[in-house]
Amino acid sequence: EFNQVLQFEVHGSRQVMREKIRRSLLIEDLLKSEVTDPATVSLTEARAYYSANQKKFQHPEMFSIQTISIIPPPNSNPEIQKEARKHADDALKAAKATKTYQEFGLLAEKVSDDDWHVKMGDRKSVEAEKLPPPVAQAARALKPGDVSDLIQLGTSYTLLRLNAHSPAGTSPFSEVKPKLITDLQKQKNEQLRKELSKRLKKTARIEVL
């Protein structure tokens, strides 16, 4: 296998292969000393960046919810509206009887008319300001695992299960530390590579063979 590689890469010349390997090792050493090692970010550096850039680590109020919505057709007559209300009341009764994420989700897939019914009603994490005010208000009154009462939005009815609530605030350093250090190291690495490239271009000796 070695001889095959030797023949394919350098036409069988061991000397040329040695030079290629030596060159690769020198490049690795150069990158390690000029880029990789200097790009290391200490805990002190990361904490200093965190303290100086608090706004970057602020997050809005978030809700993790599942929803069930009963949406009658546009311009429905009173009879259809009445039927929609009955459907919503039945859905509420069934939702209140659920005990788990799974049970509520299966119910949502069965009875909900909104776009999330195919995903167990799960809307994942949503910013409070992106929810209709009555929905956000209802969510704030719940504890994780609770199911709301019916919320009327125009001619539609919605109910929700709260899975998690994160108030607006600043993420603690301990929470953001791993990603912050990784991001800072990537930034330093890219900057050092650019600087090294500029230096090498200034001092490069180009040979036309």
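Residues numbered from 1 in each chain as written. Predicted model: local features only at pLDDT ≥ 70, side-chain atom pairs only at ≥ 80, totals over all residues. Heavy atoms only, no water.

S.K.: Just checking my understanding: could you explain the overall build of the protein chain for this structure?
M.R.: Tallying secondary structure elements over the protein chain gives 7 helices and 6 strands in all. When its helices and strands are written in sequence order, the protein chain yields α-α-α-β-β-α-α-β-α-β-β-β-α. Its C-alpha atoms give the protein chain a radius of gyration of 30 Å, clearly above 17 Å, the size a compact globule of 209 residues would have. Summarising its shape, the C-alpha atoms of the protein chain cover approximately 90 × 50 × 35 Å along the three principal directions. (Helix = DSSP H or I, 4+ residues; strand = E, 2+ residues; numbered from the N terminus. Rg over C-alpha atoms; globule rule 2.2 N^0.38 Å.)

S.K.: I tried to follow unusual backbone geometry on my own but got confused; where do I start?
M.R.: A negative phi angle characterises most non-glycine residues, just as the trans form characterises most peptide bonds. Positive phi values are uncommon outside glycine, yet His11 reaches one of about 55 degrees. By the element assignment, His11 lies in the loop between helix 1 (2-10) and helix 2 (14-36). Relative accessible area serves as the criterion here: at 68%, His11 is assigned to the exposed category. One non-glycine residue, Met120, lies in positive phi territory at about 60 degrees. Its place among the elements puts Met120 in the loop between helix 5 (101-111) and strand 3 (122-127). (Buried < 20%, exposed > 50% of the residue type's maximum accessible area, 1.4 Å probe, protein only.)

S.K.: Any chance you could explain the pattern of salt bridges here in plain terms?
M.R.: Pairing between side chains of opposite charge can happen when the charged atoms of each approach one another. Evaluation of the coordinates by the stated rule reveals 10 salt bridges. Note that Asp122 and Lys124 form a salt bridge whose closest N and O atoms lie 3.5 Å from each other. A relative accessible area of 8% places Asp122 in the buried class. Given the relative accessible area of 55%, Lys124 is considered exposed. (Salt bridge = Lys/Arg side-chain N within 4 Å of Asp/Glu carboxyl O.)

S.K.: Explanation requested: the packing of helix 1 against helix 2 in the structure shown.
M.R.: Interhelical geometry of helix 1 versus helix 2 gives an angle of 85 degrees and a closest axis separation of 10 Å. Relative to helix 2, the element helix 1 is oriented roughly perpendicular. The segment helix 1 lies against helix 2, with Phe2, Asn3, Val5, Leu6, Glu9 and Val10 engaging Arg14, Val16, Met17 and Lys20. (Axes fitted to C-alpha atoms, helices over the stretch in contact; angles between N-to-C directions. Parallel < 35°, antiparallel > 145°, perpendicular 65-115°, else oblique. Contact = heavy atoms within 4.5 Å.)

S.K.: Got a minute to help me understand the side chain of Ser64 in this structure?
M.R.: In this structure, Ser64 sits in strand 2 (residues 62-70). Not counting chain neighbours up to four residues away, the residues in contact with Ser64 comprise Lys124, Ser125, Arg161, Leu162, Asn163 and Ala164.

S.K.: Please clarify how the packing of aromatic side chains should be interpreted in this entry.
M.R.: Two numbers describe a pair of aromatic rings. These are the distance of the centres and the angle of the planes. Taken as a whole, this structure holds 2 aromatic pairs when the rule is applied. Of the aromatic side chains, those joined through ring pairs into one cluster are Tyr50, Phe57 and Phe173. In this structure, Arg123 packs its charged tip against the face of Trp116, placed 3.9 Å from the ring centre. (Phe/Tyr/Trp six-rings, centres within 6.5 Å; stacked < 30°, edge-to-face > 60°. Lys NZ or Arg CZ within 6 Å of the ring centre and 35° of its normal.)

S.K.: Explain the environment of Thr67 to me, please; I cannot follow it from the model alone.
M.R.: Of note, Thr67 is situated in strand 2. For Thr67, a relative accessible area of 0% gives the class buried. Measuring from C-alpha to C-alpha, the distance between Thr67 and Thr158 comes to 6.9 Å, with 91 residues separating the pair along the chain. Beyond its immediate sequence surroundings of up to four residues, Thr67 is in contact with Phe104, Ala108, Ser112, Asp114, Gly121, Arg123, Leu159 and Leu160. At a separation of 2.9 Å, a polar atom in the side chain of Thr67 contacts the side chain of Asp114. (Polar contact = N/O pair within 3.5 Å; in protein donor to acceptor, adjacent residues only side chain to side chain.)

S.K.: How should I be thinking about the sheet that holds strand 3 in this particular structure?
M.R.: Pairing in this open sheet of 4 strands is antiparallel, and the strands run 3-2-5-4 from one edge to the other. One side of each edge strand has no neighbouring strand; the edge strands of this open sheet are strand 3 and strand 4 (151-153). Within the sheet, the average angular offset between the axes of one strand and its neighbour, ignoring direction, is 45 degrees. With 4 bridges joining them, strand 2 and strand 3 adopt antiparallel strand pairing. Opposite Met62, over in strand 3, you have Glu127 as the bridge partner. Sitting on the sheet, helix 5 touches strand 2, strand 3 and strand 5 (156-166), and the angle it makes with strand 2 is about 40 degrees. (Pairing = 2+ DSSP bridges.)

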